[in-house]
Amino acid sequence: MIREKYTYNSKETEHLGFQVGLLLQKGMVLLLEGDLAAGKTTFTKGIGKALGISRTINSPTFTILKRYVHDENKLYHIDLYRLDDEGSDFDLEDYINSDGVSVIEWPFKLKSLLPSSYLLIKIETLGENERKFSFEAKGLIYEGVVKYL
Ligand code: ADP
Ligand code: MG
C-alpha cells in the first residue's frame, strides 16, 4: 500500500511526522529518502514529539546517530549521509528491531544491512515550500501505519 501526502510549509511536515509518530510501535524502522533540505529531519522532529521527546531533534549528520529517550520510548535518529562506504564500522543492526523506533536518513548507503520490512517514506521537493510524501509499507506491521494516515 502506498499513500501520498502534500505539505506546504515545515510546520505541516512536522505535524505529518507527529501523526505518523502516534502510530509507531517499538522496533519499527522508518527509511527517509529525499534530497538535502527535503524535510527529513523536520519530519523526524514531529515523530519525536509524538513519542514525548522534549529535547530538540537536530540533524545528526556529523554524528551518524542520536538517541533520544522519554520514559519507555526511545528514538534512534540515524543519518548515513556522511558514512563512507568502505571504512564504516557503524553497527546499524544494533538499531534495527531494537527497543525503540529507528528513523534512518539516507538509508540506501547501507543497503545490504537494511531489514526486509520497513516503512519507506520518500520526500520530493516540488517547490520552495511544497513537498510530496509517499508512504510505502514493506511488511504487514507497516500496512497498519500507512492505512491510518
Ligand atoms: P533534510 O533533513 O531532508 O536535509 P531538513 O528538515 O533539515 O531537511 O530541512 C528542510 C528545510 O526546508 C528547512 O530549511 C525548512 O524550513 C525548509 N522547508 C520549506 N518547506 C518545507 C516543507 N513543506 N517541509 C519541510 N521543510 C520545508
Ligand atoms: Mg537531515
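Up top you'll find the structure we're talking about.
Throughout what follows, the structure given in this document is the object of discussion.

What counts and how
Residues numbered from 1 in each chain as written. Chains lettered and ligands numbered in written order. Predicted model: local features only at pLDDT ≥ 70, side-chain atom pairs only at ≥ 80, totals over all residues. Heavy atoms only, no water. Pairing = 2+ DSSP bridges. Helix = DSSP H or I, 4+ residues; strand = E, 2+ residues; numbered from the N terminus. Axes fitted to C-alpha atoms, helices over the stretch in contact; angles between N-to-C directions. Donors = N, O, S within 2.8 Å, 3.2 Å for Na, K, Ca; no water. Buried < 20%, exposed > 50% of the residue type's maximum accessible area, 1.4 Å probe, protein only. Near = heavy atom within 4 Å. Polar contact = N/O pair within 3.5 Å; in protein donor to acceptor, adjacent residues only side chain to side chain. Areas by Shrake-Rupley, 256 points an atom, 1.4 Å probe, with all protein chains shown as cover. Salt bridge = Lys/Arg side-chain N within 4 Å of Asp/Glu carboxyl O. Arc of directions from axis to C-beta. Contact = heavy atoms within 4.5 Å.

1. What about the sheet that holds strand S1 (residues 2–7)?
Then step 1. Spatially, S1-S7-S6-S2-S5-S4-S3 is the arrangement adopted by the seven strands of the open sheet, whose pairing is mixed. Two strands in the sheet have a free side with no partner beyond their single neighbour: S1 and strand S3 (65–70). Across the sheet, the mean angle separating the axes of adjacent strands is 20° when strand polarity is ignored.
Then step 2. Bridge analysis of strand S2 (residues 29–33) against strand S6 (residues 118–125) gives four bridges, and the strand direction is parallel.

2. Observations regarding the coordination of the magnesium ion (ligand 2)
Each donor-metal-donor angle would ideally measure 109.5 degrees in four-coordinate tetrahedral geometry, or 90 or 180 degrees in six-coordinate octahedral geometry.
Then step 1. Around the magnesium ion (ligand 2), the protein contributes the donor atoms Thr41 (OG1) and Glu105 (OE), at 2.2 to 2.4 Å from the metal centre. With Thr41 in helix H2 (residues 40–50) and Glu105 in strand S5 (residues 101–105), this pair connects stretches of sequence that are 64 residues apart. The burial state of Thr41 is the same as that of Glu105; both residues are buried.

3. Structural notes on the pairing of S2
Then step 1. Within S2, four of the five residues are buried, leaving the element largely enclosed by the surrounding structure.
Then step 2. With four bridges joining them, S2 and S5 adopt parallel strand pairing. From the neighbouring strand, Leu32 faces S5, where its bridge partner is Glu105.

4. Quick look at the site of ligand 1
Then step 1. Taken together, 17 residues lie near ligand 1, and Thr13, Ala37, Lys40, Thr42 and Asn129 sit nearest.
Then step 2. Between ligand 1 and Thr7, the relevant distance is 3.1 Å, taken from a nitrogen atom to a side-chain nitrogen or oxygen of the residue.
Then step 3. Alone, ligand 1 offers 570 Å² of accessible surface; in the complex the protein occludes 74% of this.
Then step 4. If you list the elements that add at least two residues to the shell around ligand 1, you get helix H1 (10–21) and H2.
Then step 5. Considering every element that reaches the shell around ligand 1, the biggest residue donor is H2, with three residues.

5. Details of the pattern of salt bridges
Then step 1. Inspection of every chain in the model, using the stated rule, returns four salt bridges.
Then step 2. The salt bridge involving Glu14 is made with Lys49; its shortest N-O contact spans 2.6 Å. Of this pair, Glu14 sits in helix H1 while Lys49 sits in helix H2; the two residues are 35 residues apart in sequence, bridging distant segments of the chain.
Then step 3. Exposure remark for Glu14: the relative accessible area of 13% places this residue in the buried category.
Then step 4. Looking at Lys49, the relative accessible area reads 48%, which means it is partly exposed.
Then step 5. Of the charged contacts in the structure, one is a salt bridge between Lys138 and Glu136, with a shortest N-O distance of 3.4 Å.
Then step 6. Relative accessible area serves as the criterion here: at 32%, Lys138 is assigned to the partly exposed category.

6. Section: helix H3 (residues 140–147)
Then step 1. Residues Tyr142, Val145 and Val146 constitute the buried set of H3. Along the axis of H3, the buried residues cluster in a sector spanning 95°; they form a single face.
Then step 2. Contact partners of the buried residues in H3: S1, H1, S2, S6 and strand S7 (131–138).

7. Overview of the environment of Leu30
Then step 1. Here Leu30 lies in strand S2.
Then step 2. Leu30 gets classed as buried once you look at its relative accessible area, which sits at 0%.
Then step 3. Setting aside anything within four residues of it in sequence, one finds Leu30 in contact with Val20, Leu24, Ile47, Ser102, Val103, Ile104, Leu119 and Ile121.

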